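# An overview of the molecular structure
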Amino acid sequence: MSSANSRDLQEKQLVADTAKEQNPLPGKRNHAGNPSLPEKKVQEAICVLLVELCERFTFFGIVCNMILFCTVRLGYRNYQAAIVNMCFVGTSMLTPVLAGWLAECLVGRIKLVCICMFLHFLGTALLPIVAFPFEDIYIDKRHILLHTLTKKEQKIVFYFALLTASLGIGGIRAIVCPLSAYNLEDCGPKELLSFFNWFYWLINLNSAVVFVSISYIQQSVARNLGFLIPCVSVLMALITIHMVRGEMIYKPKTESSLLTTFGVITSALKTCCMRYRYFGGGVTNWLDHAKENYGGRYSETQVESTKSLARLLPLFAFQILYRTCIMQIPSGYYLQTMNSNLNFGGFVLPIAAMNVISIVPLLILVPILECINSYLFSSKGSGHSPTIYIVAGQLSAALSVMVAGFSEIHRKHFPQVEQTLSEEVLLVSSMPCFHLAPQYILLGVAEALVTPSCSLLSFWLVPERIRGISMHFLTLFNGAGCFMGAFFVQTAHMGTQGSWFPHLLHEGKLERFFFFLASLMMVNTLGFWTIAHRYSNLNQEYTSEFRGRLSDEKLLKRDKAIKHYGSVLDRSPLLSPMETT
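Residues numbered from 1 in each chain as written. Predicted model: local features only at pLDDT ≥ 70, side-chain atom pairs only at ≥ 80, totals over all residues. Heavy atoms only, no water.

Looking now at the overall build of the chain. Of regular secondary structure, the chain possesses 19 helices and six strands. Taking all 581 residues of the chain together, 49% fall into the buried category. Per element, the accessible surface of the chain, about 28,100 Å² overall, is 64% carbon and sulfur. (Helix = DSSP H or I, 4+ residues; strand = E, 2+ residues; numbered from the N terminus. Buried < 20%, exposed > 50% of the residue type's maximum accessible area, 1.4 Å probe, protein only. Areas by Shrake-Rupley, 256 points an atom, 1.4 Å probe, with all protein chains shown as cover.)

Laid out in C-alpha cells, this is it:
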C-alpha cells in the first residue's frame, strides 16, 4: 500500500509540474525562453498594427499623385486618369477576398504571404523607378536619363506595377492583418464601435502624413526620396517574416467560409426552383430550401448564418453609391484642386495635401463621437443602433458633391494664370484652392460617421462564425462603389461628348456631373433612411433568437463532449505521463 501511495503522489506531482510548465504565470517566460501567451498577444497586436500602417502608407503613396502622373507624364485625358485611379483603389479592395479564397482552398497561408510580399515589393519598386517623375541622376560621371522608355513601354510597366501592387495589398490585408486578428469576438457593440472609431482614426492619421509628405516628395525637387515607398514595403516584409517565424499569422476558424455561404445560396436557388416547379412552396424563407430537412445539403446553423448575412445586403447595397461619392476625392476633387491656384505665400502646395482637409474633421469628430456613444449606450444599453450616423453621413456626402458643383461654377469665374506642376506649365484658375475646403470637410464628416458605424453593423449583426465573411461582403460592395464611379465617369464623358468630365475644366461642365451625382446620392440617402429601422429590429432578433439557438447548440456539443470524455475515462486505464511515452 505504501508503494502504491508513493507512486500516486509521484504521478500527481509530475502532472502538476507539467501543468505549470504549460501554463506559466502571466508576464513570465517558459524555460525555453519563449514569451508567455499575454506577451505573445501584445506582440501580435503590435506587429499587425505596424503591418497595417506600412501597407496603408504605401497604398496612399501610390494613390496620392497618380492623376498628376497620368495626365502630365503619360498624356492621359482627365477622365482616363480618374478611371485608372478608381479602378486601382477598387481592385485593391477586391483582391483581399481573392487572396482569402486562395489561402483557404489552393495555396496555403504562409506560402501566399511570401508570394504577396514579393508582389507588393515588386510593384512599389517599379512605380518610383519607372513611372513616377524623378530628376535625372548621375552614375560614374555620365549623365543617365532615368526615363528612357517610350510612352507605350511606360504604360505597360505602369499597369504591371499597379497590378502586382494591388495583388500584394490584397494578400497582406486578407492574411497578415485581417480584422479577426484583433480578437474582437468577446467585445460588445459599445467596445466594437469604439474600436472601429479609433482604428479608422489611426489609419487616417497615417494617411494625413502620407498625403503631405509623399505628395510633396513626388511633386517637388526632392523626388529621389520617393524610394521611401519601397523602403516601407521592405520594412513591412521584415515585420511579416518575424510574424511568420513567431507563428503570429492569424489562422481563422474553419467553421464557415465564403464558399459555404455561396454554396448555401446556390443550393437554395436550385432546390427552390425544383420545388416551385413540381411541388410548390412551403417554407418561410427561400434560403430554407438549402437545409437538409428540405432537400438541401447544409445544416440549419449554416443556413441561418447565411440568412442573417442576407438581411445585411440592403445595407451593403446602399454603400455603393456612397463609396462612389467618397472616390471623388482622388478623382473629381483632385482635378478641381489641380486646376486651381496652389500658390500660398510663394510656396506651391502639393495637390494631394488638400486631402488632409477631409481628414481633419474625422480626427476631431472621433473623440466627440466617443463621448456621444458612451452616453447613448449607457442610457439605451446594447439596443442602440448607429444607423442615424449612416443617414447623417450619407446626407453629408450628398451635400459635399453638391457644394463641389457650386464651387466649380465659382472657380470658372476667376481669370486663368500659369502654374508649374511637375515641370509642366498649366493654365489654371486663379481661385485659391482653399475655396474648395467646404466640400472636403463635408466628405470628411461623412467618413467619420458612416465607415465605423457600417463596420459595426456588418460585424455585430451576424453570428461569430461568419463575421469575417460579412466584412468580406462589405469590402466587395465598397470595391463595387469604386468601379461604379469609374463607370459613371466613362458614361458621362461618352454620353456628353466630354462636356460633363472635360479635359480642360474651364471649357466643360464638370459641375453638371457633380449635380447629377448629388441627386443620386440624395435618393440613396432617402432609400437607406426608409430601411434603417430594420437593423434595430435585426439587432433584437439576432440577440434573442439566433444567439439562443447557437448557445443551445454549443451546450449540446459540450454535453456530447463530456459524455465522450467520460466514456473514454471508463475505457482507459490510469497511465502516468512516463508510461504514455
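The subject of this paragraph is a nonpolar patch on the surface. Taken together, the side chains of L98, W101, L106, L163, L167 and L259 make up a nonpolar region of the molecular surface, amounting to roughly 540 Å² of accessible area. Along the polypeptide, L163 turns up in helix α6 (residues 151-176). You can call L163 partly exposed: its relative accessible area is 45%. (Patch = residues over 30% accessible without salt bridge, like charges linked within 9 Å, V, L, I, M, F, W, Y side chains within 5 Å. Salt bridge = Lys/Arg side-chain N within 4 Å of Asp/Glu carboxyl O.)

Looking now at the environment of V97. Mapped onto the secondary structure, V97 falls in helix α4 (residues 78-105). Distance in space between the C-alpha atoms of V97 and T475 is 8.1 Å, their sequence separation being 378 residues.

A word on unusual backbone geometry. One non-glycine residue, Q497, lies in the positive phi region at around 55 degrees. Considering the arrangement of structural elements, one finds Q497 in the loop between α16 (467-495) and α17 (510-531).

Among the eleven residues in helix α10 (residues 300-310), eight count as buried, and that is most of the element. For α10, the set of buried residues is T301, V303, E304, S305, T306, K307, S308 and L309.

Quick look at the nonpolar core now. Counting 127 residues, the largest nonpolar core has F158, L315 and F528 as the members making the most contacts within it. Broken down by element, the residue count for this core peaks at eleven residues, all from α4. Of the domains in this structure, domain 1 (40-134 + 149-248) and domain 2 (312-557) are the two that each give at least three residues to this core. Judged by nonpolar contacts, the second largest core, of six residues, contains V264, A268, Y298 and V303. (Core = buried A, V, L, I, M, F, W, Y, C linked by side-chain atoms within 4.5 Å. Domains from an automatic or database assignment.)

Scanning all chains against the criterion turns up 19 aromatic pairs. Here F316 and F477 contribute two aromatic rings whose centre-to-centre distance is 5.7 Å and whose plane-to-plane angle is 35 degrees, an arrangement assigned as tilted. Highlighted residues: F316 in helix α11 (residues 313-326) and F477 in helix α16, separated in sequence by 161 residues. Accessibility assignment for this pair places F316 and F477 in one class, buried. These aromatic residues form a ring-pair network of at least three members: F195, F196, F199, Y200 and F459. (Phe/Tyr/Trp six-rings, centres within 6.5 Å; stacked < 30°, edge-to-face > 60°.)

Bringing helix α15 (residues 437-460) into the picture now. End to end, α15 covers 35 Å across 24 residues, agreeing with the expected 34 Å (1.5 Å per residue, within 8%). The buried count for α15 comes to 19 of 24 residues, which makes it a mostly enclosed element. (Expected span 1.5 Å × (residues − 1).)

On to the side chain of T306, then. One can find T306 in helix α10. Take T306: its relative accessible area is 6%, and that puts it in the buried class. Not counting chain neighbours up to four residues away, the residues in contact with T306 comprise T261, V264, I265, L287 and I466. (Contact = heavy atoms within 4.5 Å.)

To continue, consider the packing of α16 against α17. Relative orientation of the contacting elements α16 and α17 amounts to 135 degrees, with a least axis distance of 11 Å. On the basis of the axis angle, α16 is oblique to α17. Remark: the crossing between α16 and α17 carries right-handed chirality. Touching F488, V489 and A492 of α16 are F513, L517 and L520, all from α17. (Axes fitted to C-alpha atoms, helices over the stretch in contact; angles between N-to-C directions. Parallel < 35°, antiparallel > 145°, perpendicular 65-115°, else oblique. Left-handed = near helix turned anticlockwise from the far one by under 90°.)

It is the contact of helix α14 (residues 387-411) with α17, at a shortest axis distance of 8 Å, that shows an interaxial angle of 165 degrees. With respect to each other, α14 and α17 are oriented roughly antiparallel. The crossing of α14 and α17 is left-handed. Considering only residue class, the contact of α14 with α17 consists of 19 nonpolar, five polar and two charged. (Nonpolar A, V, L, I, M, F, W, Y, C, P; charged D, E, K, R; others polar.)

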